[in-house]
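Read off the chains here:
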Amino acid sequence: MNIQIFGTKKDFDSKKAERFFKERGIKYQFIDMKEKGMSKGEFTSVCQSVGGVDNLIDIEGKEKDLLALLKHLSPEDRAEKILENQKVIRTPIVRNGKKATVGYWPDVWKGWE
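Values in this document were obtained by computation on a predicted structure and should not be read as measured data.

(A) Structural detail: a positive patch on the surface. Taken together, the side chains of Lys10, Lys15, Lys34, Lys62 and Lys87 define a basic patch exposed on the protein surface. Assignment of secondary structure puts Lys62 in the loop between helix 2 (40-50) and helix 3 (64-70).

Here is the structure:
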């Protein structure tokens, strides 16, 4: 398994995801979205895995103006805007190769073991 957790240090669900893998002795790489974020390739892979860019958006996020703008963009433009402004992405994003989840999904991760 090659686990990557994209999240933030203060996000409760990101901490729970880290704990899930730590308790099982599974090595993972934590990427702080505030410091680094996802590359275009990682972003594209996650979008394909989770069923599209709309499934990445945190509709309850603080970036209300950007969220309002995203509703009016084409899917391609929306993806580009989200890649530029990753604050609107829901966390944690947990990747295992081509598989990925958005949010806290321990039942899915158990199937990866």
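Now that the structure has been shown, we can carry on.
(B) Main features of the side chain of Thr91. Turning to its location among the elements, Thr91 is positioned in the loop between helix 4 (75-84) and strand 3 (93-96). A distance of 3.1 Å separates the side chain of Thr91 from the side chain of Asp11, its partner in a polar contact. Beyond its immediate stretch of four places on either side in the chain, Thr91 contacts Phe6, Gly7, Asp11, Asp13, Ser14, Met33 and Gly103.

(C) Highlighting the side chain of Glu42. Assignment of secondary structure puts Glu42 in helix 2. One buried charged side chain, Glu42, makes no salt bridge at all; its nearest oppositely charged neighbour is Arg95, positioned 4.1 Å away.

(D) The arrangement of the pairing of strand 4 (residues 99-102) in detail. Direction of pairing for strand 3 relative to strand 4: antiparallel, over a ladder of 4 bridges. The residue bridging Arg95 from the neighbouring strand is Ala100, located in strand 4. Counted along the chain from strand 3 to the antiparallel partner strand 4, the turn is 2 residues long, and its residue Gly97 has a positive phi close to 65 degrees.

Definitions and cut-offs
- Residues numbered from 1 in each chain as written.
- Predicted model: local features only at pLDDT ≥ 70, side-chain atom pairs only at ≥ 80, totals over all residues.
- Heavy atoms only, no water.
- Patch = residues over 30% accessible without salt bridge, like charges linked within 9 Å, V, L, I, M, F, W, Y side chains within 5 Å.
- Areas by Shrake-Rupley, 256 points an atom, 1.4 Å probe, with all protein chains shown as cover.
- Salt bridge = Lys/Arg side-chain N within 4 Å of Asp/Glu carboxyl O.
- Lys, Arg positive; Asp, Glu negative; His and termini not counted.
- Charge placed at Lys NZ, Arg CZ, Asp CG, Glu CD.
- Helix = DSSP H or I, 4+ residues; strand = E, 2+ residues; numbered from the N terminus.
- Polar contact = N/O pair within 3.5 Å; in protein donor to acceptor, adjacent residues only side chain to side chain.
- Contact = heavy atoms within 4.5 Å.
- Buried < 20%, exposed > 50% of the residue type's maximum accessible area, 1.4 Å probe, protein only.
- Pairing = 2+ DSSP bridges.

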